[in-house]
Every structure is written in structure tokens, then in C-alpha cells.
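What the coordinates show
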Amino acid sequence: MSTNVTAAVEQSPGSKPEPKPKSPRAKLSYPKVLLIVSGGLILLSLLRVITGATNLTESGQYTAALNAAVPIGLAGLGGLWAERSGVINIGLEGMMMLGAFSAGAVGWEHGPWAAAAAGIVGGALGGLLHAVVTVTFGVDHIISGVAINIMALGVTQFLAKLWFGADGSAAAAAGGNDKQSPPMPDMPTFTVPGLSGWLHSIEQHHWFLVSDVAGILGSLVTNVSWLTLLTVVLFVLSAFVLWRSAFGLRLRSCGEGPIAAESLGVNVYRYKYAAVTVSGALAGLGGAFLAIYVHIYQDGQTGGRGYIGLATMIFGNWRPGGVAMGAGLFGFMDALQLRGGGPTVHALLLLLAVLLVGLAVWKLRGGQRIQAATSLAAAALLTVWYATSDTVPLEIVGVAPYIATLLVLSLAAQRLRPPKAIGKIYRRGQGK
């Protein structure tokens with residue numbers, strides 16, 4: 001009797017049906033990551049053979065890509081620290097400016113390592129200001145970040161005129177002016193002896209896949225900046241601290257549920273301050289890398305890399321590994337358009353068409369017919385474009401990295417999960 005009543009209640013029109021359990025998302029395990037990497041290498045090798053675009057897998061291409069990815073990756077990692085604590089950091093661009101200027105101001109007199117330290121301090125000061133304004137005074141995070149970007153631009157331009165371009169100053173005598181600092185010494189690099197030359201010799205044979213892998217690995221052991229190695233260490237250390245330590249657990253709890261964290265004895269203000277200051281320091285180091293790489297600070301040197309770093313953080317789903325992948329993608333495209341130009345970017349049209357066909361098959365298996373048809377149509381248009389042209393206009397080549405970033409973000413948008421309390425104003429004791 002009771003069973004029948006229960007069944008009737010469950011089937012009554014006014015009752016709400018039980019929600020269907022969500023199917024768990026497949027996680028990227030190490031075998032899957034290796035499979036994706038292997039597939040990418042094979043595609044690049046085939047593309048090089050078919051199109052003759054040798055720049056795609058040359059060691060010089062990946063050396064340039066690595067150097068382009070480091071400042072973007074540091075900015076993205078900085079944004080990850082801040083946003084995992086619940087603070088949106090749009091001011092990454094301004095903090096990179098402060099880091100680049102600080103590096104230029106110190107580096108020409110005291111060398112590249114002092115420049116890197118100065119960049120960290122300059123960016124950390126910008127992060128500290130952002131923390132004071134957002135955490136203590138409760139200003140909207142977006143407004144504060146935009147204000148820091150504008151302020152950093154004005155401050156660096158004013159101080160450059162005052163310090164580098166003043167008539168009769170030591171900086172002006174050493175080659176500085178209103179727009180740039182005097183040159184600084186080179187940052188040391190390291191090369192693995194024996195292995196570097198052996199990989200380079202294999203690369204020159206242009207064997208299918210083998211020479212391509214040798215070219216990529218050769219870029220990792222030839223003339224690598226010590227700041228690049230430091231960046232790798234910072235990514236590994238951040239992953240460990242944020243996901244494998246009590247400090248990281250408390251910090252991430254501030255971004256997920258600050259009221260609940262406070263009820264458990266976590267000083268939310270302190271953790272937010274620490275996270276945003278570290279965020280600024282990492283972005284400042286990214287700005288310092290730009291100045292150290294070209295030996296001088298220049299006005300407008302960051303070139304929007306702070307915003308791209310923010311995009312890589314979102315693409316990476318607020319994870320260090322994802323940020324590294326996003327920065328690597330942008331660095332690869334940036335180096336490709338600088339080194340290869342129109343013909344090499346033209347070869348990528350064919351690769352993009354193949355990837356869109358694969359995306360269409362995946363969408364079709366999921367029952368998303370409209371998205372699958374759109375992907376197939378785009379693949380067909382790219383194939384026609386590739387077949388009827390020999391190069392890509394320089395205007396498109398220049399914006400290729402940004403187009404790639406937008407495409408990746410649009411594809412990854414459905415799988416993103418930001419911290420729950422991100423951007424929300426928190427006041428101490430508001431849960432009582």
C-alpha cells in the first residue's frame with residue numbers, strides 16, 4: 001500500500017522529477033596527454049612534408065616560441081594565484097609594466113639578475129595596491145584592475161622621462177632617453193654539451209618525425225635562459241603549493257567560500273593579500289623578462305601580454321598545466337608569424353581544416369549536428385583558401401596569435417569552472 005502511494009506521489013503532475021545524475025567529465029590522464037602530444041607531432045611532421053614549411057618544427061622556431069611564452073605564462077600564473085583566492089586581477093598588464101620598468105631602471109647599472117629582482121618587487125607593489133583597494137576597501141575588482149593599468153602606464157612614462165631622459169643624467173649618457181632605458185648586460189644561458197649538437201645534426205637530415213622531435217628537443221637544451229628555467233620551477237612550485245599544501249587549501253577555500261573558510265578559522269584577508277601580492281610579483285617577473293630579453297626597457301614593451309596571460313589562465317581552467325599549455329600555444333603562434341611569415345601561416349590553414357574535421361566528428365558523436373555542420377563548413381572554406389592561394393596577407397599574419405587565442409577560448413568555454421566566489425566583495429564577519 002505504502003509503495004503504491006509513494007509511486008503515485010512520484011508520478012503526480014505537481015511533483016518535481018528527480019534530476020538526472022550528471023555524467024562525470026573525462027579527465028586528462030597522463031596516457032591521454034601523451035597520446036595528444038604524439039598526435040600533434042605526427043600532424044606537424046605530415047604538414048611539414050606536404051607543404052614544405054620547415055619552420056614548423058625547426059629548433060629556432062621553438063626557441064623563439066619558448067621565449068615568447070615565458071612572460072605570458074608568468075602573467076597567467078599570476079592571475080591564477082589571485083583568482084584562486086577570489087580576486088579578479090585585470091591589472092596584470094599594469095603590473096607587467098611596473099616590472100619591466102623596474103628591471104630597466106636597475107638592470108643597466110647592476111646587471112640582469114638585479115633587474116629580475118627589481119621586476120618582482122615592482123610587480124608585487126602593484127599587486128599589493130590592488131589587494132588594498134579590493135580586499136580592504138571593497139572596490140570592484142574590474143575597476144581597480146583597469147585603474148592600475150592606466151596608472152602604471154602614466155607612472156612608467158613619467159619616470160622614464162625623469163630618470164632615463166633627463167639632460168646630463170648618467171642614464172642619458174649611457175644611452176637612455178624618454179622612451180627607453182640604457183642597455184643592460186646579457187642574461188646567462190645554458191646549453192647541454194654534446195646533446196645539443198647531436199640533436200641539431202639529426203634535425204638537419206629532415207627525417208619524418210625523428211628530425212622534427214629532434215628539433216623540438218634541441219630547443220630545450222640550447223641557449224636556454226636561466227629565467228626560463230626559473231619559470232618552469234615556479235609553475236611546478238605553484239602546482240605543489242596550491243594543490244598539495246595546507247596553505248594552498250586555505251587559499252583556494254577563500255576563492256570558493258570565504259564565509260565558510262572564515263568559520264573554520266582562516267584569516268581570509270591575509271590569504272587574499274598574499275595571493276594578490278604573489279600574483280603581482282609573478283606578472284612583474286614576466287615584464288622583467290621582456291626587458292632582460294632585449295637588454296632594455298622600452299615604452300609599450302608589454303604589448304598587451306598581461307591580457308593574453310589572463311586569457312591563458314581562463315583557457316587553462318585556472319590550473320597551472322592549462323596556463324602553461326595556453327602560453328605555449330600563443331608563444332608558438334607569435335614566433336611563427338615573426339619567423340615564418342605568410343607562407344608558414346598559410347600552411348597552418350591546412351592543419352586547422354583537419355582539426356575542424358576532427359571537431360565536427362566529435363560534435364556529431366555528441367548529437368550536436370549544428371556545431372558539426374558549422375565546423376565542416378569552416379574546414380571546407382579553409383581548404384579552398386589554402387588551395388587557391390600561396391601565402392597569407394601580412395595583416396592576417398600579424399593577428400594570427402590573437403585569432404588562435406580566441407578560437408581556443410571559444411572551444412574551451414563549455415568546460416570552464418571558475419572559483420565560485422571569484423569577484424565577489426567579501427567583508428570580515430559577514431556570515432554572522
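Residues numbered from 1 in each chain as written. Predicted model: local features only at pLDDT ≥ 70, side-chain atom pairs only at ≥ 80, totals over all residues. Heavy atoms only, no water.

Let's talk about helix α5 (residues 112-136)
Given a rise of 1.5 Å per residue, 25 residues ought to cover 36 Å, and the 35 Å separating the end C-alpha atoms of α5 matches this to within 8%. With its phi angle positive at about 70°, G138 sits one or two positions after the end of α5. (Helix = DSSP H or I, 4+ residues; strand = E, 2+ residues; numbered from the N terminus. Expected span 1.5 Å × (residues − 1).)

Quick look at the nonpolar core
Judged by nonpolar contacts, the single largest core of 50 residues is most densely connected at W81, L227 and I292. Elements that contribute at least two residues to this core include exactly α3 (59-84), α4 (92-110), α5, α10 (226-244), α11 (246-256), α13 (268-294) and α14 (305-315). With 13 residues, the top contributor of residues to this core is α13. Those residues within four positions of W81 in sequence are excluded, and the remaining contacts are S238, V241, L242, F247, L251, A275, V278, S279 and L282. Listed in part, the 16 residues of the second largest apolar core include L44, I216, M333 and A400. (Core = buried A, V, L, I, M, F, W, Y, C linked by side-chain atoms within 4.5 Å. Buried < 20%, exposed > 50% of the residue type's maximum accessible area, 1.4 Å probe, protein only. Contact = heavy atoms within 4.5 Å.)

Observations regarding the confidence of the model for the protein
When pLDDT is averaged along the protein, the result is 86; 90% of the residues meet or exceed 70. A low-confidence stretch, residues 1-16 (pLDDT under 50), is modelled with 2 contacts involving residues beyond four sequence positions or located in other chains. Here residues 19-24 is a poorly scored stretch, pLDDT under 50, and it has 0 contacts once near neighbours within four places are set aside; other chains count. (pLDDT = per-residue confidence, 0-100.)

Examining the packing of aromatic side chains
Inspection of the entire model under this criterion finds 9 aromatic pairs. Considering the side-chain rings of F101 and F164, the 5.4 Å spacing of their centres and the 45° angle between planes classify their relative orientation as tilted. Residue F101 is found in helix α4, and its partner F164 is found in the loop between α6 (141-163) and α7 (170-173); the two are separated by 63 residues along the sequence. What makes F101 buried here is its relative accessible area of 5%. Judged by centre distance (6.0 Å) and plane angle (10°), the ring pair of F289 and Y293 falls under stacked. Taken as a pair, F289 and Y293 lie in helix α13 at a separation of 4 residues, close to a single helical turn. Geometry around Y269 places R428 over its ring, the cationic atom sitting 4.3 Å from the centre. (Phe/Tyr/Trp six-rings, centres within 6.5 Å; stacked < 30°, edge-to-face > 60°. Lys NZ or Arg CZ within 6 Å of the ring centre and 35° of its normal.)

Description of the pattern of salt bridges
Scanning the model with the defined rule gives 4 salt bridges in all. As a salt-bridge pair, D212 and R48 come within 2.6 Å of each other at their nearest N and O atoms. A residue pair is termed long-range when its members are at least 10 positions apart, and D212 in helix α9 (residues 210-219) and R48 in helix α2 (residues 30-51) qualify at 164 residues. On the accessibility criterion, R48 (7% relative accessible area) is buried. Between K179 and D299 there is a salt bridge whose closest N-O contact spans 3.6 Å. Of the two residues, K179 is situated in the loop between α7 and β1 (189-190) and D299 in the loop between α13 and α14; the sequence distance between them amounts to 120 residues. Taking relative accessible area as the criterion, D299 reaches 29% and is therefore assigned partly exposed. The network of salt bridges with shared partners includes R84, E256 and R417. (Salt bridge = Lys/Arg side-chain N within 4 Å of Asp/Glu carboxyl O.)

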